[in-house]
Every structure is written in structure tokens, then in C-alpha cells.
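Each chain, written out:
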Amino acid sequence: MILVLEKGITQVRKSQLKSILAENGCMVHEPDGSGQNILGVIGKNSLTREFLMAQDGVTDVIPISTAYKLVSRQMKKEDTIIKIGNVEVGGDKITIIAGPCAVESREQAMTIAKEVKKYGATLFRGGAFKPRSSPYSFQGLEEEGLKILAEVREVTGLRVVTEITSPMHADLMMKYVDVIQIGARNMQNFELLKCAGRMGKPVVLKRGLASTIEEWLMSAEYIAAEGNRNIILCERGIRTFEPYTRNTLDLSAIPVLKQLTHLPVLIDPSHATGIREKVSPMARAAIAAGADGLMIEVHHKPEEALSDGPQSLYPKQFGRLIRDIYVIAPVVGKQLIHDYTGYSAVSTDALSKEFNKSRKDKRVVYLGEQGTFSHKAAIQYFSSDVENYPVPSFRDIFEHVKSGAADFGIIPIENSLAGSIHENYDLLLEYELFITGELSIRVVHNLIAHKDTKLEDIKQILAPPPAFQQCRRFLDANPDMKIVPVNATGSAVKRVAESGNLKDAAIGSVEAANLFGMTVLEDAIEDNPRNFTRFVVIEKQMAQEGAKNKSSIVFSTSNKPGSLFEVMKVFSENQINLVKLESRPIHGKPWQYMFYADLETDLTDSNTINVIAQIEKNTEFLKILGSYNCGKKGDGLEMI
Ligand code: PEP
Ligand code: MN
């Protein structure tokens, strides 16, 4: 059951309550990070509701109706986010685990790890103890395989995941790997589950071949009951009568689990389908259905693989899939994890501590108010250990980054419906700051009001002007609502919340509604669902590490026929794809223009020095705004 406590309860009283419960044989769980003042209580039913309600500081007693308790959504409303080094699983992030079915040799594991890292995986998988249907099949390299996994981590910085098949191997796993996996065949091996719970390392818990969702959650409860809450569920297909695929992927498990549990949910389309060409369609569908990530088998020579070759993707196929995932994720409000300044790179524990420490001191500044789309972009791009804070204007963002008050700024640069945000283009020209990354966010507008407000009661709507433009049809259908412009969606929601006025409403995100304790009256009121805003990250230095595949420049040309053409010719002759070209007036020089261009190339690469020289020759002014990774990982592949 859940005890709801008084808002202002003291820590002393809370501890007394915990002792009373413990003395009566109950297990007490305080959900972390929930912001709610509650205690989860599991134990004998000897304590009556009357007894608990009579305790000072308790305002309500809510029974948990499901058989699983700790992992239930009733116990914790917020999604659990699991940290593995600097990688987060759950929340708004999409995490990709990839690698071979089994570690076969040092060379094989290292080759595949480098490939999957290049294409965007942030965790590496590979079995060292393989549960095979036949005792005569390859059983894995055992400890030797674990040593290879540890070496892969040293070399690539990718954290490693491997299957544990027996409690006997717990010490070895503790020594060599970061995440343990409990395979489908062991989902109800209760001794192994308890052991995983005691080990405390993050666990990927696969669904059993013929297990119900409830049985699966009960298995997760075994791990949680031992004190380990770092559990990631992984659906990998269940046995049905259908022989055309190895198993049947139960995609409906995703929305079902999202309702029942706070734990992150991954999909393994490799074991689910068993067939290479079926893997990518199912992976794309999984992300569209709300999965938090994927576990994919990849092999550079699948024909020679010692296990599961027919379902393993070639590295290039994997790269293509990741590009699709990058595009699909924002549609459902998520973001593929970005590898900014070596995001996934953690070689040794000592190094990782250093890295975490340096990230903990970092700050990102954004426009407006908590709950704005800029705030969401800041959270999605940076993990939660980078502190974020708002300022009132775009110029303030530039000033804060320039002065060092913030390490990063995040600014909207263009909207798919409304076009460029010119003020930021002008500021990029004015300040000596660089673009080091980008991401797109889907903008879904909602009508937000107090819980008891009815649509017909609303007299005025608060929102920033672009939001009004994007919700024209809704406003036209409700002509009696007066529009009140404010500077950001988050501020609109905050003002309505604080006013307490039941006749006011705001336009904003679901996150803003939740943040300020408001209700969504009507969702998705924007005219066009293809409403995306592209943000860029700005820093004092150019991006140092990681692959860069996009560059932004600004230039002016002489006022002669063909001068712009000469610059375009440089791009064309060097096979550089131009993805955006826009002109802006030069301040103080009427009818003269600067050109802003986005190119699909890395202008910091030594091979492109020559290209810069050629552009310089044909321009009067040239400024490189930055080279960065636009998230479409992989080389040599066409853009989608
Ligand atoms: C695996 O991930 O290689 C594996 C054996 O998976 P499952 O337990 O889902 O069959
Ligand atoms: Mn496998």
C-alpha cells in the first residue's frame, strides 16, 4: 500500500513512521525523485487501514491493487531512468544496445563494437555464457569472453551488457561487465533473479518465451525486492503458432507496460523475428509505439557467426536503421541519445568519475521558463546531470555563454512551418560562439487549464505569438476566446496556474501542464502535425570530439554577376551537399546580404582545408559557425 503523508511532515516524524512500519514487519520504500510525499509499504496485512490512518502525519492509505508492488506505476508515477556510466535508459531518451549474439573472439568483438559505435550504439552486447537449445552448439567463451568485453569497453568506451545464466557467475560478472542480462529462458529462475537483485548492477530482464506480462513483472519484482531498482524490461517475442518468424513480437506489450510500470522498456527485434530483413521494420515500429530503446544483434560476417547469424544485421544495415530511428524518435517526443563531447565514452572507472565530475559542474542556458520547448530540448540533448536554467531573451543566452556563466546555450534556429528564427542568425554572426550540436523537437500544442475549467468557460488564452499562429484553426473555431501574448509557452502555463483563474487557459506542452499541476483540456490543437523546431547548441569553443557531419557558415560575396554561383561551384566540385541557404540583410548596408549555409561536411577535418581556402577566395567575408554532428550517424550513406 501507499501512505500519503502530510505536505509539511518533518524528517523526524517520517523516520518514526518508518520505524513503526519496520517493527511491524513491513518493507518501506521511499520512491526517489518523485517529488511526492509518500511511502510505499509492503508486508503483512496485519496493519489495518484504521491503525495507519490514526498515525500522525498520514493523510491517506491507498492499497496497491497489483501483485507486483515496487515496479508498479502506482508506486512511482515518474518513468525510471537508469544510468549506465553516462548513458541513460528511459525517460525521453532512445538507447541503442548492439553487438553480436556471442563474443567469438577478441578481433570479432572489437570489429563489431567499433562499427556499432560509429553508427550510434551507446551500449555493447555480446554473450559469453550462451543458453543454447542444443548442448552441442557453441556455448560461449565464458570467462575469456567476459575479459574481451572488458577490453572492448577500455578501447571503445562503450559500456557492456552480457547474459548471466547462473548465480555461480555473479563474481565474474561483477568484475568484468556493466549490465547483466537475464535471458528469456531464465526469466523465472527465481534464484538467479534474487542473485541479480543482490548484485545491484543494472539488469536487462527479457520476457520469457511463454510468459504473460504479469509473470514478467513479478520476475522484475523479485529483483526489486532485493533492493535493485535498476531494471530494464526487454520484449523479445513470444511463442505462438506462427512459423514464419522465430517468435511473435508483442508490440502491444509496450503501451501495456507503460501503463503498468515505471521501468524502461526495450525491444529486441532480432530474437523476436529471427530473420535479418524483418528486424528493421519491427525496430521502427517499436520506437513509434513508445519503446525506450532497442537491443539489436549485429555481425560483420553473419554467415560465419557461431550463433544467430541469420538474424544479425550487417553494420551498414544497422547504420541505416539508426538513421530511421533518429527521424522517428522526435515524432513520438523522444530523442536518440546524442554523443556530444564523447557522451558514451567512459574507459575506466577512474576516467568515468572524472568525466562525471566535469559534467556535474556544467550548465546549459535556455530561453523563457521551465516547461517550454527550449527546456525540453535542453533536457533531451544533455543528460540530467547537466544543470539547466532559463533567461528572458536570446541575447541573454549568448551573453551567458560568452561570459562563462553557462557552458552551453540552446537556441531555436528554425521551425518547419514558420521558418528561420532570424534574431538568432543575427546573434550567431555578432558573437564569437560556435554551433556544436543540433536536435529537432516535435512541437505539439495543447490547451491547458485548471482541472475544473470547461472549454466553454474560457475567456482568454495566453501563449507566445508563434503558438497562436500554429493553432489558427482552433482559435477560429473558438472566436470568443481573447488571445493574450506572452513570451513563452512555459510562462503562459505558469501564469494561468498562479492566477487560479478558471476562465484562463494557456497553450503549451504536456510537460508544462504536469510541471505546474495543470490539466490538458484539448490535446494536439496545432493546425499541422508536422511541426518541428530545430535547436542548435552553442559553446565558446568549436566541437572537439566525435564525428561531425554538418557545418554552418555565413558569408558575403562581391556585388558582381555570378559571385554566389562561384561559391556554389566550390561545393559542387567538392561533392558537398548544401542542405540550407538563406540570405539576411547586412545591418547598416541597405540591400546588401549575408548568406547562411548549412553543408553536409566537416570543415574542421584536415581534408577540407582546401575547401575553406576555395570558399575564402570567392567571398568577401567568411565565418565558420561550427562543425557538429547532426545525429545522422554513419558515413557513406545517403541522407534520408
Ligand atoms: C540473447 O540476447 O542473445 C538471447 C539469448 O536472448 P533471449 O534470452 O531473448 O533468447
Ligand atoms: Mn542471440
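See the structure printed just above.
Residues numbered from 1 in each chain as written. Chains lettered and ligands numbered in written order. Predicted model: local features only at pLDDT ≥ 70, side-chain atom pairs only at ≥ 80, totals over all residues. Heavy atoms only, no water.

Caption draft 1: Layout of the coordination of the manganese ion (ligand 2). Within the protein, Cys101 (SG), His271 (NE2), Glu297 (OE) and Asp308 (OD) serve as the donor atoms for the manganese ion (ligand 2), at 2.0 to 2.4 Å. Going along the chain, you hit the donors of the manganese ion (ligand 2) in the pattern C-x169-H-x25-E-x10-D. A residue pair is termed long-range when its members are at least 10 positions apart, and Glu297 in strand S14 (residues 293–297) and Asp308 in the loop between S14 and helix H11 (315–331) qualify at 11 residues. The same class applies to Glu297 as to Asp308, namely buried. (Donors = N, O, S within 2.8 Å, 3.2 Å for Na, K, Ca; no water. Helix = DSSP H or I, 4+ residues; strand = E, 2+ residues; numbered from the N terminus. Buried < 20%, exposed > 50% of the residue type's maximum accessible area, 1.4 Å probe, protein only.)

Caption draft 2: The arrangement of the sheet that holds strand S1 (residues 2–5) in detail. Reading across the sheet, the 4 strands line up as S2-S3-S1-S4 and stay open at both edges, with antiparallel pairing between neighbours. The strands lining the two open edges of the sheet, one partner per strand, are strand S2 (27–29) and strand S4 (58–62). Between one strand and the next, the sheet's axes are offset by a mean angle of 25°, whatever the strand orientation. Bridge count for S2 against strand S3 (residues 38–42) is 3 bridges, and the pairing is antiparallel. (Pairing = 2+ DSSP bridges. Axes fitted to C-alpha atoms, helices over the stretch in contact; angles between N-to-C directions.)

Caption draft 3: Structural detail: the site of ligand 1. Cys101, Arg125, Lys130, Glu163, Gln181, Gly183, Ala184, Arg185, Lys206, Arg236, His271 and Glu297 make up every residue found near ligand 1. Separating an oxygen atom of ligand 1 from a backbone N or O atom of Ala184 is a distance of 2.7 Å. Interatomic distance of 3.4 Å between a side-chain N/O atom of Glu297 and an oxygen atom of ligand 1. Considering ligand 1 on its own, with 300 Å² of exposed area, one finds that the protein chains cover 97% of that surface. Split by residue class, the shell around ligand 1 holds 2 nonpolar, 3 polar and 7 charged. (Near = heavy atom within 4 Å. Polar contact = N/O pair within 3.5 Å; in protein donor to acceptor, adjacent residues only side chain to side chain. Areas by Shrake-Rupley, 256 points an atom, 1.4 Å probe, with all protein chains shown as cover. Nonpolar A, V, L, I, M, F, W, Y, C, P; charged D, E, K, R; others polar.)

Caption draft 4: Structural detail: unusual backbone geometry. Here Glu142, not a glycine, exhibits a phi torsion of approximately 55°, which is positive. If you trace the backbone, Glu142 turns up in the loop between strand S8 (123–125) and helix H4 (143–156). Of the residues examined, Glu142 reaches a relative accessible area of 40% and is grouped as partly exposed. With phi around 55°, Asp308 is a residue other than glycine that occupies positive phi space. Taking the relative accessible area as the measure of exposure, Asp308 reaches 17% and is therefore buried.

Coordinates in, geometry out; function isn't part of it.
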